[in-house]
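The residues making up each chain are set out below.
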Amino acid sequence: MDIAGLLRATAERLPDKDALVAGDPHATDPKVTYAQLDAAADAVAGILQKKGLAAGDRVALGMHNIPEFAMAYFGILRAGGIVVPLNAMLSEPETRKILDDSGARFVFTAPPFAEIVAAAAGGTSVEETFSTEDWGRLTGTHATHPTAVSIDPEDVAVIAYTSGTTAEPKGAMLTHGNLIANLEQQMAIPGAHVEQNDVVFLALPLFHIFGLNVSLGLTVMSGATGVLIDRFEPVPTLRAIRDHRVTILLGAPTMYSAWVSVPGADQYDLSSVRLAISGAAPLGPDVLRDFRDLFGVAIYEGYGMTETSPTLVSNRMAETPRPGSIGKALPNVEFKLVDDNGNTVEMGDPGEIVVRGPNVFKGYWRRPEETAHAFLAGGWFRTGDVGVLDEDGYLYLVDRKRDLIIVSGFNVYPAEVEAALLQNDKIAEAAVVGVTHPYTGEAVKAFVVLEDGVTATEQELIAESHSRLARFKAPTSIEIVEELPHLPTGKVLKRALRI
């Protein structure tokens, strides 16, 4: 089975069932059935094949949470293409890097991101861009029916880009087998999987691997109905959960934190929710407690990464969520904690989390050296995160070996932000660290040294950074200093900046 085949199977089984409904009561097209979603995917596949798409060609997809995202996603895969999700919050330079590196031939997008994509595509391999404004022509009654394509589980389905430690984006190659394996692993959790009669909350961005494979993938595999939320706002989404009688909540910690902070939140009826899952960033124990006290719903936290399709461990593997823990391994996922030499550490000692399983990615697109470095002997993938295991088998995250910052569930690498800041002629040196933020979990803070004789304000430097960085990557604060602390090797001593 391939990913597009999951949609076909569900459409044949439940053709008239609502696949996607709009969370906004004023939406123009409030519902899409599984038969309609499948037919639209066929139309997308047909137009791509007519344009000459060959198996393995890359097609970028940059949209918010709208039905056309799902139509394009399954259609690209059905044509034998590889989907390259574009974060719709990226700037033009960031988008161009991904289009360049992936070699995408076509792009599907929607306003307002379409303007950035159009500007970024110039001079790249992109041959044609399709916007939702073209959707009637693409999926109308005269759409071309696709030719069946043979897809192997080892074929790459998605190249999901994550920023690298060198400030250059790198694409994690996820095969059809990887993605389906992770869906099956999650469906195998007793009493905690998605069922046909469920109503699933789809507010996580579909261009993020959590939203793409967990939210959308589980919805389609099970034949449930997904409630699409194009833009997250605490009060309207609480109303949507109540009005649509949502049964499965999939969210990031920032969403749960926002909900418990709404005045009078306990007046919203969330009694329909039978399962709430949090991922993409650590969940604070106080948020877990407050959400349970307000709504009577326990949140099950999990942990994973883009390279693992994404989920590795979850508190759903136990009867009761354990505050502070990210849970236990999903079925068919192995993990161990190792020291710097790759040796397994003693129980209770911290070690880098290394994992293996059918959901672990194939490698980084066109980066054989980085792929080789990412794995230990025996196929163990190095997550770069440090954990501790307790005597009951619960895993706790305690540190990150790399300087990753997680803002609202999105990865931000300091090197990428530093490189963008240094493009400003006024900045001589820059260092970036993560700082605690009550709403987004972490925020980006920069320390900069100005060029001799130059003056600048914090606000000016922040505003300038937005021209090169997505808003979630841009520093929320910049401290101008005379000098940065350095090690004898010349490397910036970042731990001194975090004090």
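Further up the page is the structure itself.
Bear in mind the structure is a predicted one, so any value in this text is a computation, not a measurement.

Could you give an account of the pairing of strand S1 (residues 18-22), naming the residues involved and the relevant values?
For S1, the tally of buried residues reaches 4 of 5 residues, placing the bulk of the element in the interior. Looking at chain direction, S1 and strand S10 (residues 225-228) are connected through 3 bridges and run parallel. Directly across from Val21, in S10, lies its bridge partner Val227.

If you had to explain the packing of aromatic side chains to someone new, which residues and values would you point to?
The full count for this structure, using the stated rule, is 16 aromatic pairs. Arranged with centres 5.8 Å apart and planes meeting at 55°, the rings of Phe201 and Trp259 form a pair that is tilted. Pair noted here: Phe201 is in strand S9 (residues 199-202) and Trp259 is in helix H10 (residues 253-260), with a separation of 58 residues, a long-range link. Of the residues examined, Phe201 reaches a relative accessible area of 0% and is grouped as buried. The ring of Tyr364 has Lys170 lying over it, and the distance from NZ or CZ to the ring centre is 4.3 Å.

Can you break down the pairing of strand S25 (residues 441-450) residue by residue, with the values?
S25 sits mainly inside the fold: 8 of its 10 residues count as buried. Two elements, strand S24 (residues 427-437) and S25, share 10 bridges in a ladder whose sense is antiparallel. What sits directly across from Ala430, in S25, is Val448. Adjacent in sequence and paired antiparallel, S24 and S25 are bridged by 3 residues. Bridging between S25 and strand S26 (residues 477-480) involves 4 bridges; their strand directions are parallel. If you follow Phe447 over to S26, its bridge partner there is Glu479.

Kindly report on the environment of Pro169, identifying the contributing residues and their values.
Along the chain, the position of Pro169 falls in strand S8 (residues 169-175). Its relative accessible area of 11% is what places Pro169 among the buried residues. The sequence separation of Pro169 and Glu94 amounts to 75 residues, and the corresponding C-alpha distance is 8.4 Å.

I'd like a description of the sheet that holds S25, backed by residues and values.
Taken together, the 3 strands give an open sheet; going across it, the order is S24-S25-S26, and neighbouring strands pair in mixed fashion. Edge positions in the open sheet fall to S24 and S26, since each of these has one partner strand only. Each strand axis lies, on average, 25° off the axis of its neighbour in the sheet, ignoring direction. On top of the sheet, helix H13 (residues 414-421) reaches S24, S25 and S26; it is set at about 140° to S24, its chief contact.

Any details on the sheet that holds S1? Residues and values, ideally.
Sheet architecture is open: 9 strands sit in the order S2-S1-S10-S9-S11-S12-S13-S14-S15, paired in mixed fashion. Whereas interior strands pair on both sides, the edge strands pair on one side only; in this sheet they are strand S2 (31-33) and strand S15 (328-329). Note: strand S11 (residues 248-251) against strand S12 (residues 275-278), 4 bridges, orientation parallel. When the bridges of S12 are listed, Leu249 appears paired with Ala276. Strands in contact with helix H8 (residues 209-222) are S1, S9, S10, S11, S12 and strand S14 (311-314); relative to S9, the strand with the most contacts, it is inclined by about 160°.

Thresholds, definitions, all that
Every chain is numbered on its own, with residues counted from 1 as its sequence reads. Where local features are concerned, this predicted model is filtered to residues with pLDDT of at least 70; where side-chain atom pairs are given and counted, the filter is 80 or more; whole-chain, interface and lining totals use all residues. Water and hydrogen atoms play no part in the side-chain values, which are based on all heavy atoms of the structure. Note on classification: 1.4 Å probe, protein chains only; a residue is buried when its accessible area is under 20% of the maximum for its type, exposed when over 50%, partly exposed between these limits. Under the scheme used here, helices are H or I runs from DSSP no shorter than 4 residues and strands are E runs no shorter than 2 residues, and both carry numbers assigned from the N terminus. Strands pair, by our definition, only if DSSP identifies at least two bridges between them. Paired rings are identified among Phe, Tyr and Trp, the last through its six-membered ring, by centres lying within 6.5 Å, and are further divided according to the angle between planes into stacked (under 30 degrees), edge-to-face (over 60) and tilted (the rest). For a Lys NZ or an Arg CZ to count as sitting over a ring, it must be within 6 Å of the ring centre and within 35 degrees of the ring normal. Angles run from 0 to 180 degrees between N-to-C directions of axes, and those axes are lines fitted to C-alpha atoms, restricted for helices to the stretch in contact. Only heavy atoms enter the contact rule, under which two residues are in contact if any of them lie within 4.5 Å.

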